[in-house]
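Structural features, examined
This is what each chain is made of:
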Amino acid sequence: MTMKTDILIVGCGVAGLYCALHLPKEKNIVLVSKDSFERSDSFLAQGGICVLKEESDYDAYYEDTMRAGHYENNPRSVELMIRSSQDVIRELVGYGVRFERNVDGFVYTREGAHSKPRILFHEDETGKEITSHLLDAVRKLPNVTMREYYTMVDIIERENTCYGIVGRDSTGEYSCIQADYTVLATGGIGGLYEHSTNYRHLTGDALAVALRHGIRLQNIDYIQIHPTTLYKKERGRGFLISESVRGEGALLLNAKGERFVDELLPRDVVTEAIYKEMEKEGTKHVWLSLAPIPEEKIKAHFPNIYRHCLEEGYDVTKESIPVVPSQHYFMGGIAVDEYSKTSMERLYAAGETACNGVHGRNRLASNSLLESLVFAKRAAEQITEQYSRAGSMPEVLADKAAYSGYEAEYRQAVLAAIEKEKNSHG
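The notes below deal with the structure included here. Given the structure is predicted, the values throughout are model-derived calculations rather than measurements.

1. Some remarks on unusual backbone geometry
- With a phi angle near 50°, Glu123 is a residue other than glycine that sits in the positive phi range.
- Considering the arrangement of structural elements, one finds Glu123 in the loop between β6 (119-120) and α4 (126-139).
- With a phi angle near 50°, Asn219 is a residue other than glycine that sits in the positive phi range.
- Looking at the element boundaries, Asn219 is found in the loop between β12 (217-218) and β13 (223-230).
- Judged by relative accessible area, which is 19%, Asn219 ranks as buried.

2. Structural notes on the sheet that holds strand β18 (residues 333-335)
- Spatially, the 3 strands line up as an open sheet ordered β12-β18-β20, and their pairing is mixed. Every other strand in the sheet has two partners, leaving β12 and β20 (354-355) as the edge strands with one partner each.
- In terms of strand pairing, β18 meets β20 through 2 bridges, oriented parallel. From the neighbouring strand, Ile334 faces β20, where its bridge partner is Ala354.

3. As for the pairing of strand β17 (residues 321-330)
- Across the 10 residues of β17, 10 count as buried, placing the element largely inside the fold.
- Inspection of the sheet shows β13 paired to β17 by 6 bridges, in the antiparallel sense. Within the sheet, the bridge partner assigned to Ile225 lies in β17 and is Gln327.
- Summarising the sheet, strand β16 (residues 286-289) and β17 pair through 3 bridges and their orientation is antiparallel. Across the sheet, Trp287 pairs through a bridge with Pro322, a residue of β17.

4. Comments concerning the packing of aromatic side chains
- Considering all chains together, one arrives at 4 aromatic pairs under this definition.
- Seen in terms of ring centroids, Tyr58 and Tyr62 are 6.0 Å apart; in terms of plane orientation they differ by 25°. Their pairing is stacked. Of this pair, Tyr58 and Tyr62 both sit in helix α2 (residues 58-68), separated by 4 residues, roughly a single helical turn.
- Its relative accessible area of 11% is what places Tyr58 among the buried residues.
- Among the aromatic residues, those joined into a ring-pair cluster are Phe99, Phe106 and Tyr108.
- The ring of Tyr58 is capped by Arg83, whose NZ or CZ atom sits 3.8 Å from the centre of that ring.
- A cation over a ring is seen here: Arg363 above Tyr329, with NZ or CZ 4.1 Å from the ring centre.

5. Considerations on the pattern of salt bridges
- Taken as a whole and judged by the stated rule, the model has 28 salt bridges.
- Between Arg118 and Asp57 there is a salt bridge, with its nearest N and O atoms 2.8 Å apart. Of this pair, Arg118 sits in the loop between β5 (105-106) and β6 while Asp57 sits in the loop between β3 (49-50) and α2, placing them 61 residues apart in sequence.
- Classification of Arg118 as buried rests on a relative accessible area of 0%.
- We classify Asp57 as buried; its relative accessible area is 1%.
- Taking the shortest distance from any N to any O, the salt bridge between Arg76 and Glu338 comes out at 3.3 Å. Here the residue Arg76 occupies a position in helix α3 (residues 75-94), and Glu338 occupies one in the loop between β18 and β19 (347-349), the gap between them amounting to 262 residues.
- You can call Arg76 partly exposed: its relative accessible area is 37%.
- For Glu338, a relative accessible area of 25% puts it in the partly exposed group.
- Several salt bridges share partner residues, and in doing so they unite Asp57, Glu63, Asp64, Arg67, Lys116 and Arg118 into one network.

6. Structural notes on the packing of α2 against α3
- Following both chains from N to C, one finds α2 and α3 inclined at 135°, their axes separated by 10 Å at the closest point. Put simply, α2 runs oblique to α3. Note on packing geometry: the crossing formed by α2 with α3 is right-handed. Here α2 contributes Tyr58, Tyr61, Tyr62, Thr65 and Met66 to the contact with α3, which in turn contributes Pro75, Val78, Glu79, Met81, Ile82 and Arg83.
- Class assignment of the residues belonging to the contact of α2 with α3 gives a composition of 8 nonpolar, 1 polar and 2 charged.

7. Here's the deal with the nonpolar core
- Core analysis: the largest hydrophobic core is formed by 59 residues, its most contacted members being Ile49, Leu92, Ile130 and Leu134.
- For Leu134, the contacting residues outside a window of four places in its chain are Val14, Leu17, Tyr18, Leu21, Leu92, Tyr95 and Leu373.
- The next biggest cluster of nonpolar side chains, apart from the first, holds 33 residues, and it includes Val10, Ile155, Leu207 and Met344.

8. A closer look at the packing of helix α1 (residues 14-21) against helix α10 (residues 368-387)
- Closest axis-to-axis distance for the α1/α10 pair is 8 Å, and the angle between their directions is 35°. The interaxial crossing formed by α1 with α10 has right-handed handedness. Residue-level contacts link Val14, Ala15, Tyr18 and Cys19 of α1 to Leu369, Ser372, Leu373, Ala376, Lys377 and Ala380 of α10.
- Residue classes in the contact of α1 with α10 are distributed as 8 nonpolar, 1 polar and 1 charged.

9. Considering helix α5 (residues 205-213)
- With 7 of 9 residues buried, α5 lies mostly within the body of the structure.
- The set of residues buried in α5 consists of Asp205, Ala206, Leu207, Ala208, Val209, Ala210 and His213.
- Looking one or two residues beyond α5, the residue adopting positive phi is Gly214, at roughly 70°.

Cut-offs and rules
- Residues numbered from 1 in each chain as written.
- Predicted model: local features only at pLDDT ≥ 70, side-chain atom pairs only at ≥ 80, totals over all residues.
- Heavy atoms only, no water.
- Helix = DSSP H or I, 4+ residues; strand = E, 2+ residues; numbered from the N terminus.
- Buried < 20%, exposed > 50% of the residue type's maximum accessible area, 1.4 Å probe, protein only.
- Pairing = 2+ DSSP bridges.
- Phe/Tyr/Trp six-rings, centres within 6.5 Å; stacked < 30°, edge-to-face > 60°.
- Lys NZ or Arg CZ within 6 Å of the ring centre and 35° of its normal.
- Salt bridge = Lys/Arg side-chain N within 4 Å of Asp/Glu carboxyl O.
- Axes fitted to C-alpha atoms, helices over the stretch in contact; angles between N-to-C directions.
- Parallel < 35°, antiparallel > 145°, perpendicular 65-115°, else oblique.
- Left-handed = near helix turned anticlockwise from the far one by under 90°.
- Contact = heavy atoms within 4.5 Å.
- Nonpolar A, V, L, I, M, F, W, Y, C, P; charged D, E, K, R; others polar.
- Core = buried A, V, L, I, M, F, W, Y, C linked by side-chain atoms within 4.5 Å.

Below, the structure is given as structure tokens:
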């Protein structure tokens, strides 16, 4: 079976949803998800979303982002993200997103490597709050067809031009979705790792496709380990203890109850300090104490963390909790320009699967949701502009039978490429 549409979006996190909301309403859009629409990593983001509070904060925000990224960031991407942040927040509020407020307006929190509070939040489930409202808005669009449990296994390509994808549904049937423009928003690579905060079905599918077709990649060995996930003996997705907990005063302690690091240093620095402390003590975790945070603030600002830890047998208002670093975020990905255009014609990538250089070597806390939204919208804007210059493409079919054995190669291909890049950097 072959489906024809104007624009195809692969992925249902904030990047895919926000892109759909900014595409022309007269164009037919198909949005597919590898799992259910409520199981994107965007739903899992706890801490918040950064915003330029006022013009006087621009230089500090810019410097914080660059310093966290070890000055390997793309300056233009950083500028675009920060300058676009206020418009993005206004639009999110328009979609019904409920950021924390008081009588004076928005309430801002601070996280590691930020020189001042500039992060908007909704309790400790900011990602869920934003993504659920965007998902509701997309579901109301009459020009968008949404399909769950549909896995992209390859793209349809001729002469470095993308004509859509080949996918597999939940019954194992393969089909083609042809499109004038395709946007890859498939998320990160956490499913490739033993310990990760990501959903297990996020296995770098878009990277595997890019490797197969010679689509340019960038910084694919730049992988962020989050310092604090709740330690547990068994394998599986780690429960993130948001960086905003440390931003509000929580302390990292060793087995002796001693503080051993500045909790608000960049994530990679804190992670390295934790690993060193674990090695020195011969332990499998360190401890996070929320004692400096008032109990009422813990329950109001971090209700999900408080509830989850209780379910695991820890009362964070009375005792420290065991934490360990876990794979969290992918700074590299499919190389894109400032409009999220890849090296292949009519193919775009946005969100964690893309790399525009905004994060450099290490992402600043709470820049992920903002970056995804800003550059997904820019992809939609350029696709809209391109339609005024070029019409639809002719139908090009793929041999679906050729893909039945390819998915098994995904993990090994992506992991091998990451390892090769690591070795090339010494």
